[in-house]
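# A look at the structure
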Amino acid sequence: MRISEVIRRKGAAVVTIEPDATVAELLAQLDEHHIGALVVSEDGGRTVAGIVTERDVVRELHHRGPAVLTVRVAEVMTVEVQTCLPEDHLEDLARRMTDLRIRHLPVVVEGELKAIVSIGDIVKNRIDELQAERDHLVDYVRR
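Parameters and conventions
Residues numbered from 1 in each chain as written. Predicted model: local features only at pLDDT ≥ 70, side-chain atom pairs only at ≥ 80, totals over all residues. Heavy atoms only, no water. Core = buried A, V, L, I, M, F, W, Y, C linked by side-chain atoms within 4.5 Å. Buried < 20%, exposed > 50% of the residue type's maximum accessible area, 1.4 Å probe, protein only. Helix = DSSP H or I, 4+ residues; strand = E, 2+ residues; numbered from the N terminus. Contact = heavy atoms within 4.5 Å. Salt bridge = Lys/Arg side-chain N within 4 Å of Asp/Glu carboxyl O. Axes fitted to C-alpha atoms, helices over the stretch in contact; angles between N-to-C directions. Parallel < 35°, antiparallel > 145°, perpendicular 65-115°, else oblique. Nonpolar A, V, L, I, M, F, W, Y, C, P; charged D, E, K, R; others polar. UniProt positions renumbered as here; feature names shortened; annotations may be inferred. Arc of directions from axis to C-beta. Expected span 1.5 Å × (residues − 1).

To continue, consider the nonpolar core. Ranked by internal contacts, the top residues of the largest apolar core, which has 14 residues, are Ile17, Val23, Leu26, Leu38, Val40, Val52 and Val73. Those elements that provide at least two residues to this core are α2 (23-33) and β2 (37-40). The biggest single contributor to this core is α2, with three residues. Residues in contact with Val40, not counting those within four places in the same chain, are Ile17, Glu18, Pro19, Thr47, Val48, Ala49, Gly50, Ile51, Val52, Val73 and Met77. Counting residues in each nonpolar core, the second largest holds 12 residues, with Leu93, Leu105, Val107 and Val117 among its members.

Inspection of the entire model under this criterion finds 11 salt bridges. Taking the shortest distance from any N to any O, the salt bridge between Arg64 and Glu75 comes out at 3.3 Å. Taken together, the residues Arg64 in helix α3 (residues 54-64) and Glu75 in the loop between α3 and α4 (90-100) connect sequence positions 11 residues apart. Classification of Glu75 by relative accessible area gives partly exposed; the value is 42%. In this structure, Asp128 and Lys124 form a salt bridge, with 2.8 Å as the shortest nitrogen-oxygen distance. Of the two residues, Asp128 and Lys124 both sit in helix α5 (residues 119-142), four residues apart, roughly one turn of that helix. By relative accessible area, which is 51% here, Lys124 ends up exposed. Here the residues in one salt-bridge network are Glu5, Arg8 and Arg9, joined through shared partners.

The subject of this paragraph is the packing of helix α1 (residues 3-10) against α5. Two elements in contact, α1 and α5, have axes separated by 11 Å at closest approach and are oriented at 90°. Considering the angle they form, α1 stands roughly perpendicular to α5. Contacts from Val6, Arg9 and Lys10 in α1 reach Asp121, Asn125 and Asp128 in α5. Residues that form the contact of α1 with α5 fall into these classes: one nonpolar, one polar and four charged.

This next bit is on the UniProt feature "domain: CBS" (unreviewed entry) in the protein. UniProt records the feature "domain: CBS" (unreviewed entry) at residues 7-68 and 77-133, using the numbering of this structure. A helix fraction of 46% and a strand fraction of 23% characterise residues 77-133, whose end C-alpha atoms lie 40 Å from each other.

Looking now at α1. Restricting attention to buried positions, one finds in α1 the residues Ile3, Val6 and Ile7. In an axial view of α1, the angular spread of the buried residues amounts to 100°, which keeps them on one side of the axis. Residues of α1 that are buried sit in contact with α4, β4 (104-109), β5 (112-118) and α5. Among the residues trailing α1, Gly11 stands out with phi positive, at a value near 100°.

So, on to α5. Helix length check: α5, at 24 residues, gives a terminal C-alpha distance of 35 Å against a target of 34 Å (1.5 Å per residue), a fit within 8%. Of the positions making up α5, those classed as buried are Asp121, Ile122 and Asn125.

What follows is the structure, given as structure tokens:
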């Protein structure tokens, strides 16, 4: 299965934040949307300037203490962002995300942000596939 199928099921909405926003503003958005990462975009979500996760904030909290809340997102974000394409296969991305220890991949086509997928999206899809196979086999055996 391809990432495009996951996006079709879950939707392509992406919450972004500007690099000049503060970490406090970032945390408010993460809480409001019940998500673990935001794509950093200078142009309102068309392009990717970086990505910032809960994990990034925790690391900075350890180093800077509570003052991290006033720091700009640009200072804590990951600049070298791993991305994927809609035609990428789920199995390949699951392996890549596991190997790189990342949980979020923006979907980018020709430099433009289209969606974001998380390791949770990939796991959910796999569980759904396994359940469908199980249901099919149970139905087959009962016939």
